[in-house]
Amino acid sequence: HNGVRPDSRTFTLLIRGSLASGEVKETAALLRAAFGLPEGHPSIFKPQNCSSKVPGRGNSNKLCPDFVTEVLEGLAIQRRSPQLALQLLRDLRTVPGFRVDPKLHMRLTASMTSAA
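How each quantity is defined
- Residues numbered from 1 in each chain as written.
- Predicted model: local features only at pLDDT ≥ 70, side-chain atom pairs only at ≥ 80, totals over all residues.
- Heavy atoms only, no water.
- Helix = DSSP H or I, 4+ residues; strand = E, 2+ residues; numbered from the N terminus.
- Buried < 20%, exposed > 50% of the residue type's maximum accessible area, 1.4 Å probe, protein only.
- Areas by Shrake-Rupley, 256 points an atom, 1.4 Å probe, with all protein chains shown as cover.
- Expected span 1.5 Å × (residues − 1).
- Arc of directions from axis to C-beta.
- Contact = heavy atoms within 4.5 Å.
- Core = buried A, V, L, I, M, F, W, Y, C linked by side-chain atoms within 4.5 Å.
- pLDDT = per-residue confidence, 0-100.

Another aspect to go through is the overall build of the chain. In terms of regular secondary structure, the chain is built from 5 helices and 0 strands. In the chain, which comprises 116 residues, the proportion classed as buried is 41%. Counting every atom, the chain has about 6900 Å² of accessible surface; 55% of that belongs to carbon and sulfur.

Before going further, it helps to spend a moment on helix H1 (residues 8-20). Taking 1.5 Å of rise per residue, 13 residues should cover 18 Å, and H1 covers 18 Å from first to last C-alpha, within 8% of that figure. Within H1, the full set of buried residues consists of Phe-11, Thr-12, Ile-15, Ser-18 and Leu-19. Down the axis of H1, the buried set is contained in an arc of 140°. They therefore lie on one face. Seen from the buried face of H1, the exposed residues on the opposite side, beyond 90 degrees, are Arg-9 and Ala-20. Tucked into the core, H1 has its buried residues touching helix H2 (24-34) and helix H3 (65-77). Of the residues flanking the end of H1, it is Gly-22, one or two places downstream, whose phi is positive at about 80°.

Tracing the chain through its elements places Thr-27 in helix H2. Since its relative accessible area comes to 0%, Thr-27 is described here as buried. Leaving out residues up to four positions away in the same chain, Thr-27 has contacts with Ile-15, Ser-18, Leu-19, Val-71 and Leu-75.

Once that is clear, we can look at the nonpolar core. For soluble globular proteins, nonpolar side chains are generally found buried alongside one another. Counting 29 residues, the largest nonpolar core has Leu-31, Phe-35, Leu-63 and Leu-72 as the members making the most contacts within it. Looking at this core, the elements with two or more residues in it are H1, H2, H3, helix H4 (82-92) and helix H5 (104-115).

Moving on to the confidence of the model for the chain. Mean pLDDT over the chain works out to 80, with 76% of the residues at or above the 70 mark. Within the chain, the element-level pLDDT minimum falls on H5, averaging 78, and the maximum on H1, averaging 94. Taken as a whole, residues 47-60 scores under 50 in pLDDT and shows 15 contacts with residues more than four places along the chain or in a different chain.

Take the environment of Ala-34 next. Along the polypeptide, Ala-34 turns up in helix H2. Residue Ala-34 is classed as buried on the basis of its relative accessible area, which comes to 0%. In this structure, the C-alpha to C-alpha distance between Ala-34 and Ser-8, residues 26 residues apart in sequence, is 7.6 Å.

Written as structure tokens, this is what we have:
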């Protein structure tokens, strides 16, 4: 790992490619890693001194909120995995400073009922 952590552009490209190829678990793990959340991708370097209690730490690679919304909506429709998208949204809301469309939860929930 050499102590190098991907920047937001690299994370965006990795996540976009993973989502496009239908790898929902891989996509979720990459998104978690980008925000320093538990269960992030195992090959992404996470600094040892990263503390989730310090605002901004683990979230140094801020991804565009519109991109995060696009990814969560993409996960919800791919392979009918809206539960994964909803859980990710819940987890992302614990990240200090994280902002996303307030209606996203409702849209993800709606996709859950339409997939049933």
